[in-house]
Amino acid sequence: MRTLLVADLHLSSDTPEINQGFYRYLEHTVPGADALYILGDLFDAWIGDDLLDANTHPLCGVAQEVIKHLRKLSSDGTAVYLMHGNRDFLLGERFINACQAFLLPDIEEVEIQGVPIVLLHGDSLCTRDEAYMAFRQQSRNPEWQAQMLALPLEQRVALAQSLRTQSGEANANKAEAIMDVTHQEVIHVMERHGVSTMIHGHTHRPHVHDLTVEDVPAKRYVLGDWDAQHGWDIVIERSDHTAPRLRQFSLTQLPDA
Ligand code: MN
């Protein structure tokens, strides 16, 4: 009786070590789990599900391999849940269905192994980054997305590339604090959902934070981003003292469960 959560894999055709490490994680660590939650930025960029037809695009093979692994887990009884991140918000029904996964809304309140938890990617908590919040609002608009998806694939590839470069340059000039979550927003979301546990990724600042929400001790778990050497997950096991555990592990020495 255990559930696993990951985020910020940022898979691409330029990250062979992470891709292989993630496939091994799906083959070695996840089988037998009740559920796997992928809390956004599974891919470093996603430009539309028609990528799955573009055999010459280097990400197509990576995506097919991810689908194969997630579908196997799902067929073997592990429920697979996906959430959009700020990089892969165009992941659509076709990809989700191919994985036999479920798409979660941007903020989801769940009970995992008996623990009520609010899950989110985390970008929506970074409210001090006003430029990003404006882009977020625009990019989640269905009309904007439809316009994007109507562009030829090659044009979308180029656009995603320039957005990444722009965002990298912009972020390099932003104060550290602006790119982290806003404490008041965290409290607000937890109060609204009436939970004392939150799990998210996005900030690439893995940590377990203690806080107080409505006079009750609460915890905010931040998942880490994967790199060529290491991965991060959270495991929640049903036991007398169920508490989520944040883990970092070597991609060549994956946890057995
Ligand atoms: Mn992110």
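The name given to the protein in an unreviewed UniProt entry is UDP-2,3-diacylglucosamine hydrolase, and the organism recorded there is Vreelandella titanicae. As recorded by UniProt, the Pathway (unreviewed entry) comment attached to the protein reads in full: "Glycolipid biosynthesis; lipid IV(A) biosynthesis; lipid IV(A) from (3R)-3-hydroxytetradecanoyl-[acyl-carrier-protein] and UDP-N-acetyl-alpha-D-glucosamine: step 4/6." Of the comments in the UniProt record for the protein, the one headed Function (unreviewed entry) reads "Hydrolyzes the pyrophosphate bond of UDP-2,3-diacylglucosamine to yield 2,3-diacylglucosamine 1-phosphate (lipid X) and UMP by catalyzing the attack of water at the alpha-P atom. Involved in the biosynthesis of lipid A, a phosphorylated glycolipid that anchors the lipopolysaccharide to the outer membrane of the cell."

**Student:** Give me the coordination of the manganese ion: which residues, what numbers.
**Tutor:** Distances from the manganese ion to its protein donors, Asp41 (OD), Asn86 (OD1), His121 (NE2) and His202 (ND1), fall within 2.0 to 2.3 Å. For the manganese ion, the single-chain donor residues occur in sequence as D-x44-N-x34-H-x80-H. Placement of the pair is His121 in the loop between β6 (115-120) and α4 (130-139) and His202 in the loop between β7 (197-200) and β8 (207-213), with a sequence separation of 81 residues. What makes His121 buried here is its relative accessible area of 2%.

**Student:** Any chance you could break down the nonpolar core for me, citing the residues and the numbers?
**Tutor:** Residues Tyr25, Leu36, Leu42, Phe43, Trp46, Phe95 and Trp226 are the most contacted members of the largest nonpolar core, which totals 46 residues. When residues in this core are grouped by element, the largest group, seven residues, is from helix α2 (residues 58-75). Not counting chain neighbours up to four residues away, the residues in contact with Phe43 comprise His10, Leu11, Leu59, Val62, Ala63, Val66, Arg87, Asp88, Leu91 and Phe95. Core analysis: the second largest hydrophobic core is formed by 17 residues, Ala7, Leu104, Ile117 and Leu223 among them.

Cut-off values and rules
Residues numbered from 1 in each chain as written. Predicted model: local features only at pLDDT ≥ 70, side-chain atom pairs only at ≥ 80, totals over all residues. Heavy atoms only, no water. UniProt positions renumbered as here; feature names shortened; annotations may be inferred. Donors = N, O, S within 2.8 Å, 3.2 Å for Na, K, Ca; no water. Helix = DSSP H or I, 4+ residues; strand = E, 2+ residues; numbered from the N terminus. Buried < 20%, exposed > 50% of the residue type's maximum accessible area, 1.4 Å probe, protein only. Core = buried A, V, L, I, M, F, W, Y, C linked by side-chain atoms within 4.5 Å. Contact = heavy atoms within 4.5 Å.

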